[in-house]
Amino acid sequence: MSSVSPTTRASARVPAQRADESTPHAQPVRSSLSPADVDAALVEGRLQPHFQPIVGLPSRHVVGFEALARIVDRDGSLVPPARFIPGIEGTPQIVRLGTRMLTMAVRAAAAWRHAGTSLASASISVNVAPAQLDVDGFADFVPGLIRQYGLPASALVLEITESTATSEQARPVLDQLSASGIRLALDDFGIGFSNLDQLRRLPIHILKLDQSYVAGIDRRGTDQSIVRTVITLANDLGLAVIGEGIETNDQAAALLQLGCRTAQGFLFARPNTSPQAAAEAVVPTHERLGPVEAQDPDRATWSAAIDCGVLAAARLLTKPQDRHRGALYALAGELARHAGWPAPNRHTASRLALVHDVTRLLVDGRLPDVLADVDVVSALLTTAGARHVVADPDCEISLVNLARDVVDAAAIIDPDVGPEALRTALRDAAARTDQQPAMVTALLACALEPPTIDTAHHILDDLDARRLGRRAMAERLSQSLGLSRLLAGAQDADQLLVAALEEARRIMGAAAVSLEQWERESGTLRVLANVGELGPGEQRFPTDETYPMTEAGTTAPALTSGLVAITTLADAEAYPFEVALLRQFHKGSSAAVPLFLEDRVWGQLWFATGIADAPFGARDVDLLATVATLMSGVLAQTENLDRRARDLYADPLTGLANRRSVDDHLARLRAQGDAVSVVAVDIDGLRLVNETYGTAHGDDVVCQVADLLSSSVSAVPHAIVGRLGSDHYCAVLPGVGPDAAVRLMRAAAHEARRRLGVGFRVGVAHVDGPWGGRDVLIEAAVAMNAAKASGPFAQR
């Protein structure tokens, strides 16, 4: 560890500025400015914020900025912070400068977020000097400032040093700021003296790795070991990590490999007075078009040239509103999926179906000039020529012939190849005696749920867009109006969700999209609907498709921070769980996009590209966020359509189980004869919070306590948390003894005190013989009332 003491470090503390990141145009350091010089600069408006981007790895999309202070000298040169901070440390000028910088930074962030540009979701980080925290009313000034400019509390990050964070004098102010929703970052982490116990108790959300450790991270040694340990620690504590001072691609790659997904430094961009210009200087990764065949051996079976040729031929063969060819394409892909074929074979079968009659294009035995450079199209329908495409070409060709027979039969029944006609034709085909058992199973599975049929031109537009990558922003944003129109007309919640998901998929040029709800009680993501090209085992409306957030390296941080997380097959080493999902569902890349409902994270959209599509990259982040915002409106509409049924079993404010749902859960446990501990929880001090800060803040505390209790019991199978009154909760813990239940609640109470400034009064009742549902709830409530008189915890 560095030998720099906290006192020495604090003396160089720069509000809204890092001393080692001055711009390349700064003049050589001369004598320090006096407090009077700084006062004059403030009066004359010569304090100037510069903005340095904070980027997400590996895509390098801008997720926020740090505001860095500069003073413009009277000769027009920029004065570096080393010339004006030391002279005003501990004086009133440091407070005035810090307050001015905070105001300018918040105003700038509000402007770029309200402008609807690519920075609409970017946060702002501002350094805070210890003297600012000592000013009476600072904890009220900051929330008032962001309300004045309409900036969400979560969009502001206040950066403090370890010595400041561990100060007993500053702690109440930090607790109040954190409770208001403002995020706190521990700056230059690793060079101070905060111990693990202090770190666990601090009301912080972000650790910023000091650049002295990042500098050597690309080489094996102590720096790499320390950074790995810090990142692991942060993950365990639920903290985000930002690597500072990144100057080389090797450092960025090493940081990502160790599990840090956010960074800043000269590698990405230097500070700039214009946030937009600073963001434009960041060069995103994953910008190439077309398939990335080297990432996966399976991709080599279908090249970009073949894909281009097939789609060009299909354009020549297709008539307007051609549903027959569209049905053939959809059915071939679905039959291959139900038959359990790997992704390359499914891809080949569906594309072959688009050009099953390519011989119609031959003129004197040759293809027209437009296809002269892609003569592999004609070879696709011959066994000899197709061997370089698939290992067993006869298999795909046979499948296309089978699909064509089914579609032809359905077209005789219904020229539009409607679902009932397709279902009848599929059943008839399955009844033929010459079918292989696997294909019979696939035919019957398709008959149960026939694929959705689009016109061929619609399909080709979609495939072309995916092959070339996402289209121009203006065009794609114009398509998003379709989502807005859906909000006005739909009357059925399920119909609205499916239509909106399909519209979102098309806007993004994705192969598939899933709607996933965050179940806080169990710490899982539950898939409610899948749309598009479904992978093996996926269903349009799955009954039990869940994913534990603890296994995913990108999901939990993305949801809690509200950021888009992009994963490609190239990220296998850093994110094995996400890449395993891509391979399982035969996809090339994914984008996890948080969805908000009433200012809380509700769940996420999981977009995926196909194996031959252009992967998601940094250029897609803005549109992904826009689509998610529109989808949040769809969710709100479905909530309105379905609110009456949902309110029967859920608390409307927190989304937790209500009393009816808790009673039903207890009844099921009682019928099974399961032992159970029931915990009654009362928020200690909620009335004071409401009286001091208002009921809106009190409601926010109630919701945060709900999230905290849900995450605390998420590891207990079949546990639920319910809200029974304004400040009364209960937790039902099957198979958990009373002592273990108390330990869980002690940990939750400690975290509530640390993060929210409120405590719990807890009563625990345990039963393992015959019992009644209401009896155990009453016992827990009696124990809780006893705790109010004797201490925070009681058992019965």
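Definitions and limits used
Residues numbered from 1 in each chain as written. Predicted model: local features only at pLDDT ≥ 70, side-chain atom pairs only at ≥ 80, totals over all residues. Heavy atoms only, no water. Helix = DSSP H or I, 4+ residues; strand = E, 2+ residues; numbered from the N terminus. Buried < 20%, exposed > 50% of the residue type's maximum accessible area, 1.4 Å probe, protein only. Contact = heavy atoms within 4.5 Å. Areas by Shrake-Rupley, 256 points an atom, 1.4 Å probe, with all protein chains shown as cover. 1 Å grid on protein atoms, 1.4 Å probe; cavity = no way out; pocket = protein on both sides within 12 Å on 5 of 7 lines; lining within 4 Å. Points joined across faces, edges and corners; volume = space filled by probe spheres on them. Nonpolar A, V, L, I, M, F, W, Y, C, P; charged D, E, K, R; others polar. Pairing = 2+ DSSP bridges. Axes fitted to C-alpha atoms, helices over the stretch in contact; angles between N-to-C directions. Core = buried A, V, L, I, M, F, W, Y, C linked by side-chain atoms within 4.5 Å. Salt bridge = Lys/Arg side-chain N within 4 Å of Asp/Glu carboxyl O. Parallel < 35°, antiparallel > 145°, perpendicular 65-115°, else oblique. Left-handed = near helix turned anticlockwise from the far one by under 90°. Lys, Arg positive; Asp, Glu negative; His and termini not counted. Polar contact = N/O pair within 3.5 Å; in protein donor to acceptor, adjacent residues only side chain to side chain. Arc of directions from axis to C-beta. Phe/Tyr/Trp six-rings, centres within 6.5 Å; stacked < 30°, edge-to-face > 60°. Lys NZ or Arg CZ within 6 Å of the ring centre and 35° of its normal. pLDDT = per-residue confidence, 0-100.

## Here we look at the overall build of the chain
Here's step 1: The helix and strand inventory of the chain stands at 32 helices and 20 strands.
Here's step 2: Within the chain, the fraction of its 796 residues that count as buried is 55%.
Here's step 3: Pairs at least 24 apart in sequence give 70% of the contacts found in the chain among residues at least 6 apart.
Here's step 4: By element, 53% of the accessible surface of the chain is carried by carbon and sulfur atoms, the whole surface being about 32600 Å².

## Details of the layout of surface pockets
Here's step 1: If you add up the space inside the second largest pocket, you get close to 970 Å³.
Here's step 2: Lining the second largest pocket are 47 residues, and of these Ala-330, Glu-334, Gly-532, Glu-533 and Leu-534 sit closest to its centre.
Here's step 3: When contributions to the lining of the second largest pocket are tallied by element, the ones reaching two or more residues are helix 14 (323–338), helix 15 (343–354), helix 20 (437–448), helix 21 (456–468), helix 24 (493–508) and strand 11 (524–532).
Here's step 4: Looking at which element gives the most residues to the lining of the second largest pocket, the answer is helix 14, with seven residues.
Here's step 5: Of the residues contributing to the lining of the second largest pocket, the split by class is 18 nonpolar, 13 polar and 16 charged.

## Overview of the sheet that holds strand 10 (residues 512–519)
Here's step 1: One open sheet accounts for six strands, arranged 12-11-10-15-14-13; its pairing is antiparallel. Each edge of the sheet is formed by a strand with only one pairing partner; in this case those strands are strand 12 (546–548) and strand 13 (565–568). Going across the sheet, the axis of each strand differs from the next one's by a mean of 25°, ignoring polarity.
Here's step 2: Here eight bridges tie strand 10 to strand 11, and the two strands are oriented antiparallel to one another. Following the sheet pairing, Glu-516 is matched in strand 11 by Val-527.

## Here's the deal with the pairing of strand 6 (residues 183–189)
Where a strand is regular, its side chains alternate between the two sheet faces.
Here's step 1: Along strand 6, seven of the seven residues are buried, which leaves the element largely enclosed by surrounding structure.
Here's step 2: Bridging between strand 6 and strand 7 (residues 206–209) involves three bridges; their strand directions are parallel. Bridging across to strand 7, Ala-185 finds its partner in Ile-206.

## As for the environment of Ala-565
Here's step 1: Within the secondary structure, Ala-565 is located in strand 13.
Here's step 2: Remark: the alpha-carbon pair of Ala-565 and Gly-617, spanning 52 residues in sequence, is separated by 9.9 Å.

## As for the nonpolar core
Here's step 1: In this structure, Phe-65, Ile-124 and Leu-156 are the most contacted members of the largest nonpolar core, which totals 82 residues.
Here's step 2: Among the elements that line this core, the one with the most residues is helix 3 (residues 92–114), at eleven residues.
Here's step 3: Leave out the neighbours within four places in its chain, and Ile-124 touches Phe-51, Phe-65, Ala-67, Ala-105, Ala-109, Trp-112, Leu-151, Ala-155, Leu-156 and Val-157.
Here's step 4: If you look at the next biggest cluster of nonpolar residues, it comprises 32 residues, including Ala-336, Trp-341, Ala-353 and Ala-429.

## Observations regarding the pattern of salt bridges
A side chain with one charge can pair with a side chain of the opposite charge if their charged atoms come near.
Here's step 1: Tallied over the entire structure, the rule returns 17 salt bridges.
Here's step 2: Measuring nitrogen to oxygen at the nearest pair gives 3.1 Å for the salt bridge that ties Arg-337 to Glu-334. Note that Arg-337 and Glu-334 are positioned in helix 14 at a spacing of three residues, about one turn of the helix. A single burial state applies to Arg-337 and to Glu-334, both of which are buried.
Here's step 3: We note a salt bridge from Glu-751 to Arg-755, for which the minimum N-O separation is 3.7 Å. Here Glu-751 pairs with Arg-755, and both are found in helix 31 (residues 738–756), just four residues apart, close to one helical turn.
Here's step 4: Classification of Glu-751 as buried rests on a relative accessible area of 17%.

## With respect to the packing of helix 19 (residues 419–430) against helix 20
Here's step 1: Following both chains from N to C, one finds helix 19 and helix 20 inclined at 160°, their axes separated by 8 Å at the closest point. The angle between the axes of helix 19 and helix 20 places the two elements in the roughly antiparallel class. Between helix 19 and helix 20 lies a crossing whose hand is left-handed. Contacts between helix 19 and helix 20 involve Arg-423, Leu-426, Arg-427, Ala-429 and Ala-430 from the first element and Val-440, Leu-443, Leu-444, Cys-446, Ala-447 and Leu-448 from the second.

## Examining the side chain of Glu-545
Here's step 1: Mapped onto the elements of the fold, Glu-545 is located in the loop between strand 11 and strand 12.
Here's step 2: For the buried Glu-545, no salt bridge is present, and the opposite-charge side chain at shortest range is Arg-526, 9.1 Å distant.
Here's step 3: Of note is the side chain of Glu-545, whose polar atom sits 2.7 Å from the side chain of Tyr-547.
Here's step 4: Setting aside anything within four residues of it in sequence, one finds Glu-545 in contact with Leu-525, Arg-526, Val-527, Asn-530, Glu-538 and Phe-585.

## Details of helix 2 (residues 35–43)
Here's step 1: Listed in full, the buried residues belonging to helix 2 are Val-38, Ala-41 and Leu-42. With its buried residues spanning 100° around the axis, helix 2 presents them on a single face. Turned more than 90 degrees off the buried face of helix 2, the exposed positions are Ala-36 and Val-43.
Here's step 2: Where helix 2 is buried, its residues contact strand 1 (47–56), strand 2 (61–72) and helix 3.
Here's step 3: Where helix 2 ends, the next residue or the one after it, Gly-45, has phi of about 70°, a positive value.

## Some words on the packing of aromatic side chains
What characterises a pair of aromatic rings is the spacing of the ring centres plus the angle enclosed by the ring planes.
Here's step 1: Summed over the entire model, instances satisfying the criterion amount to five aromatic pairs.
Here's step 2: Relative to Trp-112, the ring of Phe-65 lies with its centre 4.9 Å away and its plane at 55°, an arrangement referred to as tilted. Here Trp-112 lies in helix 3 and Phe-65 lies in strand 2, a separation of 47 residues in the sequence. Across the pair, Trp-112 and Phe-65 agree in class, each one buried.
Here's step 3: The structure contains a cluster of three or more aromatic residues connected by ring pairs, namely Phe-51, Phe-65 and Trp-112.
Here's step 4: The ring of Phe-266 carries Arg-270 above its face, with NZ or CZ at 4.0 Å from the centroid.

## With respect to the environment of Leu-267
Here's step 1: Looking at the secondary structure, you find Leu-267 in the loop between strand 9 (262–263) and helix 12 (275–280).
Here's step 2: The exposure class of Leu-267 is partly exposed, given its relative accessible area of 23%.
Here's step 3: Linking Leu-267 and Val-283, residues 16 residues apart in sequence, is a C-alpha distance of 9.3 Å.
Here's step 4: Leave out the neighbours within four places in its chain, and Leu-267 touches Arg-60, Ile-246, Glu-247, Thr-248, Asn-249 and Ala-252.

## Remarks on unusual backbone geometry
Note on backbone geometry: most residues besides glycine have negative phi, and most peptide bonds are trans.
Here's step 1: In this model, His-586 sits at a positive phi of 60°, which is unusual for a non-glycine residue.
Here's step 2: Following the sequence through the fold, His-586 ends up in the loop between helix 26 (576–584) and strand 14 (589–597).
Here's step 3: Not every positive phi belongs to a glycine, and His-718 is a case in point at roughly 65°.
Here's step 4: You can see His-718 is positioned in the loop between helix 30 (695–712) and strand 17 (720–723).

## Topic: the confidence of the model for the chain
Here's step 1: A residue-level look at the chain finds 77% of positions with pLDDT of 70 or above and a mean pLDDT of 76.
Here's step 2: Element-level pLDDT for the chain is lowest in helix 1 (residues 6–11), with a mean of 29, against a maximum mean of 93 in strand 4 (residues 123–127).
Here's step 3: Below a pLDDT of 50 lies the segment residues 1–30, which in the model reaches 85 contacts outside its immediate sequence neighbourhood of four places, other chains included.
Here's step 4: Counting interchain partners and residues more than four positions distant, the pLDDT-below-50 stretch residues 372–393 has 35 contacts.

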